[in-house]
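Residues per chain are reported as follows:
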Amino acid sequence: MTAILRLKSITCIGQAETFTDELYATFNGTKDSLPNMTKGDTKDLSDEFLFEGSSDLSLFENDGDHWYDRDDFIGKHLITEMPPKPDFTLDFEATSGQAEGAHYTIDVSVTPSP
Ligand SMILES: [Ca+2]
Ligand SMILES: [Ca+2]
């Protein structure tokens, strides 16, 4: 069995950076660029990932990943193939660490692959 994780939209409730957050997600070994976001933004996404079983969807704020300034982890959720879920919302909030203040929701769906 294979399933499709779709990212449908992202909303910024709080940002980590002073000006704009540069976001990306990782899932199932893939790195996926997301739009830059500031507080109050909602942006449509059209990202899809094929996967089997389960994998973590992790959200990061990009700082160039220099040795002196690593990218900042915001949060993660375990996505499972079963049961399929048409629409649900994931909440990512950094309550400590370098991304503190970052708070995002991402609307997603998990559907069986045709
Ligand atoms: Ca940054
Ligand atoms: Ca950093």
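Here is a short report on the structure shown in this document. (Residues numbered from 1 in each chain as written. Chains lettered and ligands numbered in written order. Predicted model: local features only at pLDDT ≥ 70, side-chain atom pairs only at ≥ 80, totals over all residues.)

## Some details on unusual backbone geometry
- The residue after Met 82, namely Pro 83, is reached through a cis peptide bond having omega -10 degrees.
- Along the polypeptide, Pro 83 turns up in the loop between β6 (72-80) and β7 (85-93).
- Residue Asn 28 is not a glycine yet carries a positive backbone phi of 55 degrees.
- Inspection of the secondary structure assignment puts Asn 28 in the loop between β2 (23-27) and β3 (30-33).
- The backbone of Asp 65 shows a phi angle near 50 degrees, a positive value even though the residue is not glycine.
- Its 10 C-beta neighbours within 10 Å are what place Asp 65 among the exposed residues. (Helix = DSSP H or I, 4+ residues; strand = E, 2+ residues; numbered from the N terminus. Buried ≥ 20, exposed ≤ 12 C-beta atoms within 10 Å, placed from the backbone.)

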